[in-house]
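Each chain, letter by letter, is given below.
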Number of protein chains: 2
Amino acid sequence: MAASFGVCRLHFRALGGLDKFCLGLEPQTQVRFTSTTSALKAQTEKKTAKAAKESRTFQAIQEERKEEAERSVLISCPPKINEKKFLDYLSKHGTINKHFFYNSYGANAVVEFSSRESIASLKESINIPAVEHEAAVPFKSRLLSLKWPGSQSSNHPMPKFKEQSPPSINEITQLLSERDSMDEQLQCLTETLQLTEENISLRFLVCSLLRDIAGAYFPECIIRPFGSSVNSFGKLGCDVDMILDLDGIYATSQKKGSGLSLEYQVKRGASERAVTQSILSVIGKCVDQFGPGCVGVQSILQARCPLVRFAHQPSGFQCDLTANNRVAMKSSELLFLYGKLDPRVRHLVFSVRCWARAHSITSSIPGAWITNFSLTVMVVFFLQQRNPPILPTLDRLKELAEKLLQEFFEFYGNFPFNKASINIRKGKEQTKPETTALYIQNPFETTLNISKNVNATQLERFVALCRESAWLLQQKEILKQSSDSPWGFAALLLPSVTSGAGVKSRRKRKLEPASSRIKNLLDSLKIKGGETVAKKGSANARR
Amino acid sequence: MAASFGVCRLHFRALGGLDKFCLGLEPQTQVRFTSTTSALKAQTEKKTAKAAKESRTFQAIQEERKEEAERSVLISCPPKINEKKFLDYLSKHGTINKHFFYNSYGANAVVEFSSRESIASLKESINIPAVEHEAAVPFKSRLLSLKWPGSQSSNHPMPKFKEQSPPSINEITQLLSERDSMDEQLQCLTETLQLTEENISLRFLVCSLLRDIAGAYFPECIIRPFGSSVNSFGKLGCDVDMILDLDGIYATSQKKGSGLSLEYQVKRGASERAVTQSILSVIGKCVDQFGPGCVGVQSILQARCPLVRFAHQPSGFQCDLTANNRVAMKSSELLFLYGKLDPRVRHLVFSVRCWARAHSITSSIPGAWITNFSLTVMVVFFLQQRNPPILPTLDRLKELAEKLLQEFFEFYGNFPFNKASINIRKGKEQTKPETTALYIQNPFETTLNISKNVNATQLERFVALCRESAWLLQQKEILKQSSDSPWGFAALLLPSVTSGAGVKSRRKRKLEPASSRIKNLLDSLKIKGGETVAKKGSANARR
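These numbers come from a predicted model, not from an experiment.

Student: How would you sum up the packing of helix H3 (residues 58-70) of chain B against helix H8 (residues 197-215) of chain B? Please name residues and give values.
Tutor: All names here are of chain B. One can describe the packing of H3 onto H8 by two numbers: an axis separation of 8 Å at closest approach and a directional angle of 70°. The orientation of H3 relative to H8 falls into the category roughly perpendicular. Of the two elements, H3 crosses H8, and the hand of that crossing is right-handed. On H8, the residues touching Gln62, Arg65, Lys66, Ala69 and Glu70 of H3 are Glu197, Ile200, Phe204, Leu205 and Ser208. Counted by class, the contact of H3 with H8 contains four nonpolar, two polar and four charged residues.

Student: Requested: an account of the packing of aromatic side chains, with residues and values cited.
Tutor: Scanning the entire structure with this criterion turns up 47 aromatic pairs over all chains. Consider the rings of Phe408 of chain A and Tyr412 of chain A, whose centres lie 5.0 Å apart with planes at 65°: the pair is edge-to-face. Here Tyr412 of chain A and Phe408 of chain A lie together in helix H14 (residues 403-413), a separation of four residues that amounts to about one turn. Comparing Phe408 of chain A with Tyr412 of chain A, the two get one shared label, buried. Relative to Phe415 of chain B, the ring of Tyr412 of chain B has its centre 5.8 Å away and its plane inclined at 50°; by these criteria the two rings are tilted. Take Phe415 of chain B: its relative accessible area is 2%, and that puts it in the buried class. A network of ring pairs unites the aromatic residues Trp355, Phe381, Phe382, Phe408, Phe409, Phe411, Tyr412, Phe415, Phe417 and Phe462 of chain A as a single cluster.

Student: Just give me the short version of the pairing of strand S2 (residues 96-103) of chain A, but keep the residues and values in it.
Tutor: Residues and elements named next belong to chain A. The pairing of S2 with strand S3 (residues 107-113) spans seven bridges and is classified as antiparallel. When the sheet's bridge partners are listed, Asn103 is paired in S3 with Ala107. Hairpin connection between S2 and S3: a loop of three residues separates the two successive antiparallel strands, and Tyr105 in this loop has a positive phi of roughly 50°.

Student: I'd like a rundown of the environment of Phe444 of chain A, residues and numbers included.
Tutor: For Phe444 of chain A, the position within the fold is in the loop between strand S14 (430-431) and helix H15 (456-474). With 319 residues separating them along the chain, Phe444 of chain A and Ser125 of chain A place their C-alpha atoms 48 Å apart.

Student: Break down the pairing of strand S12 (residues 317-323) of chain A for me, with residues and values.
Tutor: Working note: regular strand, side chains alternate between the two faces of the sheet. Residues and elements named next belong to chain A. The buried fraction of S12 is high, at six of seven residues. In the sheet, strand S7 (residues 240-245) pairs with S12 via five bridges, with the strands oriented parallel. Bridged to Val240 within S12 is Cys319. Counting the residues in the hairpin turn of strand S11 (residues 307-312) and S12 gives four residues, including Gly316, whose phi is positive at 80°.

Student: Report on the pattern of salt bridges, specifying residues and quantitative values.
Tutor: Scanning the entire structure with this criterion turns up 32 salt bridges over all chains. Its salt-bridge partner being Arg142 of chain B, residue Asp212 of chain B comes within 3.1 Å of it at the nearest N-O pair. On the criterion of sequence distance, the pair formed by Asp212 of chain B in helix H8 and Arg142 of chain B in the loop between strand S4 (136-137) and strand S5 (143-147) is long-range, its members being 70 residues apart. Through salt bridges with shared partners, one network takes in Glu67, Glu68, Arg71, Lys98 and Glu112 of chain A.

Student: Pulling in residues and values, what's your account of the sheet that holds strand S2 (residues 96-103) of chain B?
Tutor: Pairing is mixed across the open sheet formed by five strands, whose spatial order is S8(A)-S5(B)-S1(B)-S3(B)-S2(B). At either margin of the open sheet sits one strand with a lone partner, and together these are strand S8 (261-264) of chain A together with S2 of chain B. Within the sheet, the average angular offset between the axes of one strand and its neighbour, ignoring direction, is 30°. Two elements, S8 of chain A and S5 of chain B, share four bridges in a ladder whose sense is antiparallel. Bridging from a neighbouring strand, Leu262 of chain A pairs with Leu146 of chain B of S5 of chain B. Its contacts with the sheet put H8 of chain B on strand S1 (72-76), S2, strand S3 (107-113) and S5 of chain B, and the angle it makes with S1 of chain B is roughly 100°.

Student: Let's hear about the side chain of Gln164 of chain A: which residues, and what values?
Tutor: Residues and elements named next belong to chain A. Considering the arrangement of structural elements, one finds Gln164 in the loop between strand S5 (143-147) and helix H6 (169-177). Using a relative accessible area of 9% as the deciding quantity, one classes Gln164 as buried. Of note is the side chain of Gln164, whose polar atom sits 3.4 Å from the backbone oxygen of Lys162. A polar side-chain atom of Gln164 sits 2.7 Å from a polar atom in the side chain of Asn199. Those residues in contact with Gln164, other than ones at most four positions away along the chain, are Phe100, Tyr102, Glu198, Asn199, Leu202, Leu236 and Gly237.

Student: Got a sec to walk through the interface of chain A and chain B? Specific residues and values, please.
Tutor: The partner chain B presents 73 residues to the 73 residues of chain A that form the contact. Summed over both sides, the interface of chain A with chain B buries roughly 7600 Å², with 59% coming from carbon and sulfur. For the chain A face of the interface with chain B, the top three residues by lost area are Tyr264, Gln265 and Lys267 of chain A, together amounting to 14%. Taken together, the links from chain A to chain B amount to four salt bridges.

Student: Quick one: what's the story with helix H8 (residues 197-215) of chain A, residue by residue and with numbers?
Tutor: In an α-helix, one turn spans 3.6 residues, which is why side chains three or four residues apart end up on the same side. Between its terminal C-alpha atoms H8 of chain A stretches 26 Å, which fits the 27 Å expected from 19 residues at 1.5 Å a residue. A large share of H8 of chain A lies buried, amounting to 17 of its 19 residues.

Student: Would you mind going over the relation of the copies chain A and chain B in detail, with residue names and values included?
Tutor: With an RMSD of 0.1 Å, the fit of chain A onto chain B corresponds to turning through 180° and sliding 0.0 Å along the axis. Within this description, the copies of the chain are treated as partners about a two-fold rotation axis. Minimal C-alpha separation from the rotation axis in chain A is found for Ala216 of chain A, amounting to 2.3 Å.

Student: Can you break down the sheet that holds strand S12 (residues 317-323) of chain B residue by residue, with the values?
Tutor: Residues and elements named next belong to chain B. Across the sheet, which stays open at both edges, the five strands sit in the order S6-S7-S12-S11-S10 with mixed pairing between neighbours. Here the strands that pair on one side only, and so sit at the sheet edges, are strand S6 (222-226) and strand S10 (294-300). Between one strand axis and the next, the sheet turns through 25° on average, direction left out of account. Of the strand pairs in this sheet, strand S11 (residues 307-312) and S12 are connected by six bridges, and their pairing is antiparallel. Looking across to S12, one finds that Val308 is bridged to Leu321. Sheet contacts for helix H10 (residues 326-341): S6 and strand S7 (240-245); angle to S6, the most-contacted strand, approximately 45°.

Student: Give a description of the environment of Arg116 of chain A that names residues and reports values.
Tutor: Residues and elements named next belong to chain A. One can find Arg116 in helix H5 (residues 116-124). Of the residues examined, Arg116 reaches a relative accessible area of 45% and is grouped as partly exposed. Between the alpha carbons of Arg116 and Phe139 there is a distance of 20 Å; along the sequence they are 23 residues apart. Among all residues touching Arg116, those that are not within four sequence positions of it are Glu67, Glu70 and Arg71. There is a polar contact of 2.8 Å between the side chain of Arg116 and the side chain of Glu70.

Student: Run through unusual backbone geometry, naming residues and quoting values.
Tutor: Residues and elements named next belong to chain B. A positive phi angle, close to 55°, is found at Tyr105, a residue other than glycine. By the element assignment, Tyr105 lies in the loop between S2 and S3. Look at Tyr105 and you get exposed, because its relative accessible area is 68%. Even without a glycine there, the phi angle at Ser232 is positive, about 75°. Structurally, Ser232 is set in the loop between S6 and S7.

Cut-off values and rules
Residues numbered from 1 in each chain as written. Chains lettered and ligands numbered in written order. Predicted model: local features only at pLDDT ≥ 70, side-chain atom pairs only at ≥ 80, totals over all residues. Heavy atoms only, no water. Axes fitted to C-alpha atoms, helices over the stretch in contact; angles between N-to-C directions. Helix = DSSP H or I, 4+ residues; strand = E, 2+ residues; numbered from the N terminus. Parallel < 35°, antiparallel > 145°, perpendicular 65-115°, else oblique. Left-handed = near helix turned anticlockwise from the far one by under 90°. Contact = heavy atoms within 4.5 Å. Nonpolar A, V, L, I, M, F, W, Y, C, P; charged D, E, K, R; others polar. Phe/Tyr/Trp six-rings, centres within 6.5 Å; stacked < 30°, edge-to-face > 60°. Buried < 20%, exposed > 50% of the residue type's maximum accessible area, 1.4 Å probe, protein only. Pairing = 2+ DSSP bridges. Salt bridge = Lys/Arg side-chain N within 4 Å of Asp/Glu carboxyl O. Polar contact = N/O pair within 3.5 Å; in protein donor to acceptor, adjacent residues only side chain to side chain. Buried area = accessible area lost by both parts, 1.4 Å probe. Expected span 1.5 Å × (residues − 1). Least-squares fit on C-alpha atoms with pLDDT ≥ 70 in both.

None of this, on its own, says anything about what the molecule does.
Structural data, given as structure tokens:
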């Protein structure tokens, strides 16, 4: 597997007040990582079109998806549907660029027209449901229902439904075990879990639908997805994190200098935070009262970063809307750029995340767990810390194989978490400024710890699992391909011996006495002169 | 004083589900009340233009005012203003039809352009305030602030400021006493208290500004003023009652018949009432959080007719927004039509209301008082009950003079409130269906009592004051013009002997022994064989 592109643009826009977060790069700076082998060059030329598309800036990609979403509608459909008739009916309003069907509380379709005028034409022709109309809020969104009265002939083919959920750990384990190499396993894992084109379109469409609600009062606003929906590390089924971007409202248009001038009378707030809370509280109320299919709306306004949380049933997404959170967009862009450097960066992140999820190191429930974002930063840090460092030197990355995963586990199985912090701005360990179990510096807001929530117990479990997984990979036995039981990466997803819960032998591993197994484990770790905080995990080892 | 117009159109629109409230008139029916005397005919011809304007339907008048409001902006101004420069500056955006200045928490101007495009052009050129912009909600309304930096020369004339508040009772008393006849007093009272053209424009503008907030989600909605703002009986300073009219949203545009059809997905509510509450709660929240100058916002959603109440500081109005309250518009139209039949109808209503306010029979605070709407219906009922009836016979009305006010007091000073109800649909007394002190049938919702809130004490005070005022008018003495003390109607506004509070002699009236005065009073009342509920007021009389 090789890097499929040669040039990656680190394109940072100038963003008022955020210059200090721009990783020391000047605005508009382009950092080129050029691959040197002729094989790679040939491959690059072959894929000119794809590369051209992929070399677009993060902003350009987001802008295109946003624009596509604005030309799209989401239609709830009856269970049986004649796709051709459906498209013919909608084509009366203009050319359809794309469409797809999926299931979420029934059949749904996303239809993208080639022009925004088609949306206007379509909406003109649609009514508020006539029955009991006064017991419904007559809010006209781009969320529609298809009525198809009478019986439909069932001899036409049913359209394909695009899957929007990830496979289960068991299904993944099964799937991976059928591959030919661990390298292929990791690639397969990424391809199985990553967001599909359709899923990303649906995420942008949900943002666009929410923008219609917010845009009622703030016509220049944009609602942008951030985090895993756009950073290329998102897994099917992950939440949609959104930012309400009001910057466009403040664009100045009035000439200065003349005597008289007018300005809008506006409601003042006690602080920027108070205004953000006020705006989010109104949007939360609107979503709750007017938004079809929006349920479980919670306005969590006292959080450090105030947010509105809700479930959007027509898409099946759990959504978090924040405002005034520009740093989050920069974080997303940073990860996106790291992911673009080499496919293996993403493979490593997906495998570490999948492994962490399989062992309940991460959870969908808020708590003292390590977050996926923290794990991703830990991967980046690890790749910077390798000797020689892998990030950002692309040449070095090519020389390395899937040993990266094993080394990742060895690195963090042995990291001096009790005194060192993880800092991807500097690319090296730093002394922890506080006593929280895990300290990962926020790369943009450098005084913040992105893993402040993690407690000692959770960190100990993580370290113990890293050590065990490293040990398993060192044994080589699990790397032997097998058709009748999980092997390779799939074996790492089986219940752990150190996790305490469901202790089962991993894939016919000989049950040596515990002391012997731990001795091997300790031998395998190149202890860099540091103690670890893995007190529980290392308690047996010290006997 | 004579009727200034000959034709009055009772123009009832067909309104789904409200046919039964239409006073038995078919939709589109025109009832003509033609005055027959030649004097009146001559007058009518002379005032053709005015008559043409005045003969427009209620709906046409409301529509024109609404449309004017949509072309208007409200601008907060510095204390000193050069009117010419101000108008020159604004004229860059188009022709100005009308403008006026007034005071409410500082100087303000209403500017009406001749075209809506001017508003768009103006808004294009305006910014959100630049200082501390992030601590303000960047909602762009038609409520603007004029900045006029530097010192203005003070040698230009200041613009005239239009008064938006009524004179005090003392000022009214003074003003009336300078008139030449009681007839003129009543006319002067109406002219002094009634809403000015500017005040009505400002009311429609506040509705239009609120519509911009509601229209964000319901583009076809209209916010209509109703009640005293439009029924021609409003007094300067009265509240602005508004209805959110969503009927336009349900206008059907889709052809039926074909197989497939689309409809909007909408949020369902448990009932029409629940949906109304939901919509009002969101609008209330938006007004509270985003509406500049909107303070004291209360969402009173559990009321029989759920409402949002707020004070609009830029206009100085107290506003009540309801929804789904179509009957209220019909009530407003009915009173408007009665007011149009003859100017004396309005004079009688204004004088009765002013008299009631002077004696605290009515109050701006909610409570067990009689409302202005009830008083107005009582006037209408009295005019129907006179023998021969005055409403709707215009000829009869002409034969009558200002004796009407005296007869009004005699009528209600003697009305069998304990057993009879007031019913202007039938134009006659009916047996009370319940034991509330005062029963006035709602003319549109006939099972409701519009004066349910009035308790026995308040009714007794009303009856006692009617008797005393009738008695004073019968004495003729107060009708004698005087330059040094209140006379005529002004004398009726002086503190009462029966009210208990502040008992002072009215205008040099000889203080006869109480028993003698009451005897005269009783003699003056033609008791129609009925007891009255005025127990306290008649306690002395029975001695």
